[in-house]
Amino acid sequence: MTQYPARIVCLTEETTETLYLLGQGDRIVGVSGYTVRPPEARQKPKVSAFINAKFDKIEALKPDLVLAFSDLQADLVSELVRRGLNVVVFNQRSVEEILQMIRMLGGLIGCQREAEQLADRLDADLNRVRDAASHFAQRFRVFFEEWDEPLISGIRWVEELVEIAGGAPIFPELAHAGLAKDRIVDPAEVARRDPQVIFASWCGKKMKKATIQNRPGWDRVSAVREDRIYEIKSTYILQPGPASLTDGVQQMHAILATLQGSPYA
């Protein structure tokens, strides 16, 4: 037996990407079928979706560590534990918790120093975006649409990244609502709060601008009138890991900077 886990299965993408960024991609023996980043991870055996998994296939890979995420994978975790596997479940919901997850994962695999450096680098990059956004002449009111039916507002790390990027989330009171059902919003209330920019990321499916434009009463919404509706693909923003702290926030920041002609994009 090696000193640290040598055969790791990742049931979500963010731990896969983190391990590759730590130079430990060779330890991964199985990934989620939804994994996109990094592209080379797609060559690994696919052993799960998000709420279901091929348990026999995972067992056959003989992992010494399985990494999972959130209460949504609780049933998968229970079955894997019953099968005698070592499972660690992360539940990061904020930017700080994402950085903490990276540090914790580094400790689990014996790469603490590298993980600290990665987390510090990501944090420094976020601070640079935050500083650039502080020069914006105004902060546009932003609605982040995580799902279309029912209409769901962005989860905590997303709303925090909207602020870092230079926007003002229109549902700040939902920042600590971890469950999707607690972030369902009334389309009429969205219209009443009149977002100037809409970011949409319909987890796993392509955003349809016409669906947003044609909602009753939304023709009076500033973002619709000004055609300020933008898709941020879910792989860049809805996975609580390095992608959202880099590409996700940077895409939103670039859009917000361009809209007001800022030289700080």
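Everything numeric in this text was worked out from a predicted model, so none of it was measured.

K.L.:
I would appreciate a short explanation of the pairing of strand β9 (residues 197-200) in the present structure.
P.N.:
If a strand is regular, its side chains alternate between the two faces of the sheet. Alternating residues of β9 divide into Val197 and Phe199 and Ile198 and Ala200, and every residue in both groups is buried. As defined by bridge partners, strand β6 (residues 141-147) adjoins β9 across 4 bridges and the pair is classed as parallel. Counterpart to glutamate 145 in the pairing with β9 is alanine 200.

K.L.:
Can you walk me through the pattern of salt bridges in this structure?
P.N.:
If charged atoms from side chains of opposite charge come close, those side chains can pair. Here the structure, examined in full by the defined rule, presents 22 salt bridges. For the salt bridge of glutamate 231 with lysine 206, the shortest nitrogen-to-oxygen distance reads 3.7 Å. Of the two residues, glutamate 231 sits in strand β10 (residues 229-231) while lysine 206 sits in the loop between β9 and α8 (209-213), which places them 25 residues apart along the sequence. A salt bridge links aspartate 227 to lysine 209, with the nearest nitrogen and oxygen atoms 3.1 Å apart. One end of the pair, aspartate 227, is in the loop between α9 (222-225) and β10; the other, lysine 209, is in helix α8, with 18 residues separating them in the sequence. A single salt-bridge network, built from bridges that share partners, covers Asp56, Glu59, Glu79, Arg82 and Arg83.

K.L.:
Sorry, what's going on with the nonpolar core here?
P.N.:
Proteins that are soluble and globular tend to have nonpolar side chains buried together. Residues Leu161, Phe199 and Met252 are the most contacted members of the largest nonpolar core, which totals 46 residues. Top element by residues in this core is helix α5 (residues 112-133). It accounts for 7 residues. One finds Leu151, Phe171, Ala191 and Trp202 within the second-largest nonpolar core, a separate group that totals 18 residues.

K.L.:
Help me understand the packing of α5 against helix α11 (residues 242-259) in this model?
P.N.:
The angle between the axes and the distance between the axes are what describe a pair of packed helices. It is the contact of α5 with α11, at a shortest axis distance of 10 Å, that shows an interaxial angle of 5°. The angle between α5 and α11 falls in the class roughly parallel. Along its contact with α5, which presents Leu122, Leu126, Val129, Ala132 and Ala133, the element α11 presents Leu245, Thr246, Val249 and His253. Considered class by class, the residues forming the contact of α5 with α11 number 7 nonpolar, 2 polar and no charged.

So, how was this worked out
For every chain, the first residue of the written sequence is number 1, and numbering continues from 1 along that sequence. Two thresholds apply to this predicted model, a pLDDT of at least 70 for residue-level local features and 80 or more for giving and counting side-chain atom pairs, whereas whole-chain, interface and lining totals are computed over all residues. Note: side-chain values were computed over all heavy atoms of the structure, leaving out hydrogens and water. Buried means the residue's accessible area, taken with a 1.4 Å probe over protein chains only, is under 20% of the maximum for its type, while exposed means over 50%, and partly exposed covers the values in between. Helix and strand definitions follow DSSP, with helices as H or I runs of at least four residues and strands as E runs of at least two, each counted in order from the N terminus. Here, any two strands with at least 2 DSSP bridges between them count as paired. Between Lys or Arg on one side and Asp or Glu on the other, a salt bridge is scored when a side-chain nitrogen of the former is within 4 Å of a carboxyl oxygen of the latter. In this text, buried Ala, Val, Leu, Ile, Met, Phe, Trp, Tyr and Cys residues form a nonpolar core when linked through side-chain atoms within 4.5 Å. With axes taken as lines fitted to C-alpha atoms, and helix axes fitted only over the stretch in contact, angles between N-to-C directions fall between 0 and 180 degrees. Small angles under 35 degrees read as roughly parallel and large ones over 145 as roughly antiparallel, with 65 to 115 read as roughly perpendicular and the rest as oblique. Two residues qualify as a contact provided that any one of their heavy atoms is within 4.5 Å of a heavy atom in the partner residue. The residue classification treats Ala, Val, Leu, Ile, Met, Phe, Trp, Tyr, Cys and Pro as nonpolar and Asp, Glu, Lys and Arg as charged. All others, Gly included, are polar.

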